[in-house]
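Understanding the architecture of this molecule
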Amino acid sequence: MNFYQIIAQAEVAGDFWQRTYYGNTVSLWLTSFGFVLGSVILGKSIYWLFSKLVKALTSKTKNTLDDLIVDLIEEPIVAAFIASGIYFSLSILQLPKMLEGVIAKSYTMVVTLLAAWLITRFFEAFYQNIVQPWAEKTENDLDDQLLPIIRKGVRSIIWIVAFIIGLNNAGYDVGAMIAGLGIGGLALAMAAKDTVANVFGGFTIFTDKPFKMGDRIQVGGIDGTVVEIGIRSTRIKTLAGRVVTMPNSSFSDSPVENVTIEPSRKIVLNLGLTYDTKPEQIEEAIEILKDIVAKNESTEEDVITSFNGFGDFALNIMFIYYITKDEDIAQTQTDMNLEILKRFNEKKLDFAFPTQTLYNIQAS
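All values derive from a computational prediction rather than experimental measurement. (Residues numbered from 1 in each chain as written. Predicted model: local features only at pLDDT ≥ 70, side-chain atom pairs only at ≥ 80, totals over all residues. Heavy atoms only, no water.)

**Brief notes about the packing of aromatic side chains**
- Going through the model one piece at a time under the given rule, you end up with four aromatic pairs.
- Judged by centre distance (5.3 Å) and plane angle (65 degrees), the ring pair of F307 and F310 falls under edge-to-face.
- We classify F310 as exposed; its relative accessible area is 63%.
- Between the aromatic rings of F344 and F351, the centroid separation amounts to 5.4 Å while the plane-to-plane angle is 10 degrees, which identifies the pairing as stacked.
- A relative accessible area of 31% means that F351 is categorised as partly exposed. (Phe/Tyr/Trp six-rings, centres within 6.5 Å; stacked < 30°, edge-to-face > 60°. Buried < 20%, exposed > 50% of the residue type's maximum accessible area, 1.4 Å probe, protein only.)

Given below as structure tokens:
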């Protein structure tokens, strides 16, 4: 290859780099792509630097605050570097004015939302490390119910304010947009009347306090433990282990039975003895039932026993006793029933069961 051929090929290569596509040369497109690739690589490098080196240094200090700050800022900073690199790579290109405006406004919105993300992470760290442990130490249950709602409310406010600020900085007339939303406010209120009813129902729960988190309640055929009280709905974990979400307005329309706050659990038994049982044995059975209650530490002293009827196949004894609050209801019932069976068997007090007598009548 002679000198002139080398010069010719160099000129062809130079012409290729200077070719124009969509208003920009090939070299400029590649430069822009290089900035994008470089910003991604830089962001990944910074993330690695934070996760390996900086965290290794902060882990050696006695103070946990620096570890927390590093965890909070590493991801938003990496995202900001990548977003800035993409914006700068696009800004060096010759683009239509309208597209340049869209890119500038989008970048402004992205930066604002990244700031909101960082603020939200700081708030979450403050809530989880300071507010929540403090609430768990207090004896008042009201803060346990209100704090999750306040947490969601603050997070929503941060994002709403950031979105409004981002739109305003991007050049949009936020006031006119809000006014336009106000025109459809009436229609929106009509469409959201159920939501409004649920919100007011939530305030009713907080003010009247028919139940609190951790209480076992029965409402609308649902029996379970309250696991979360929200501003719009309440979650109940049923005895089967399933979580049921109920709108708060339903608690205004249906009676709520709070099982947890009952002073004691009332147990009613109807015992049937055979018809050959003597009156003295009925009296003895009643005394045995009273003695069983008196000797069981999980029951209260109050007991009601009564020979209350002649059944179709049994002499009925009504037995009512009360299990003390916070005792194991199932185990107490088991102990009581076993003791009744044992004592009645010792005294030859036979339980009745349905019987029939058949008569064979022959025609004469």
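**Focus on a negative patch on the surface**
- Taken together, the side chains of E297, D326, E327, D328 and D335 present a region of like negative charge at the surface.
- As for its placement among the helices and strands, E297 is situated in the loop between α10 (279-295) and β9 (299-310).
- A relative accessible area of 77% means that E297 is categorised as exposed. (Patch = residues over 30% accessible without salt bridge, like charges linked within 9 Å, V, L, I, M, F, W, Y side chains within 5 Å. Areas by Shrake-Rupley, 256 points an atom, 1.4 Å probe, with all protein chains shown as cover. Salt bridge = Lys/Arg side-chain N within 4 Å of Asp/Glu carboxyl O. Lys, Arg positive; Asp, Glu negative; His and termini not counted. Charge placed at Lys NZ, Arg CZ, Asp CG, Glu CD. Helix = DSSP H or I, 4+ residues; strand = E, 2+ residues; numbered from the N terminus.)

**As for the packing of α10 against helix α11 (residues 329-346)**
- Following both chains from N to C, one finds α10 and α11 inclined at 145 degrees, their axes separated by 10 Å at the closest point. In the packing of α10 onto α11, the handedness of the crossing is right-handed. Within the contact between the two elements, α10 uses A285, I288, L289, D291, I292 and V293 and α11 uses M336, E339, I340, R343 and F344.
- In terms of residue class, the contact of α10 with α11 is built from eight nonpolar, no polar and three charged. (Axes fitted to C-alpha atoms, helices over the stretch in contact; angles between N-to-C directions. Left-handed = near helix turned anticlockwise from the far one by under 90°. Contact = heavy atoms within 4.5 Å. Nonpolar A, V, L, I, M, F, W, Y, C, P; charged D, E, K, R; others polar.)

Distances and angles like these do not, on their own, reveal function.
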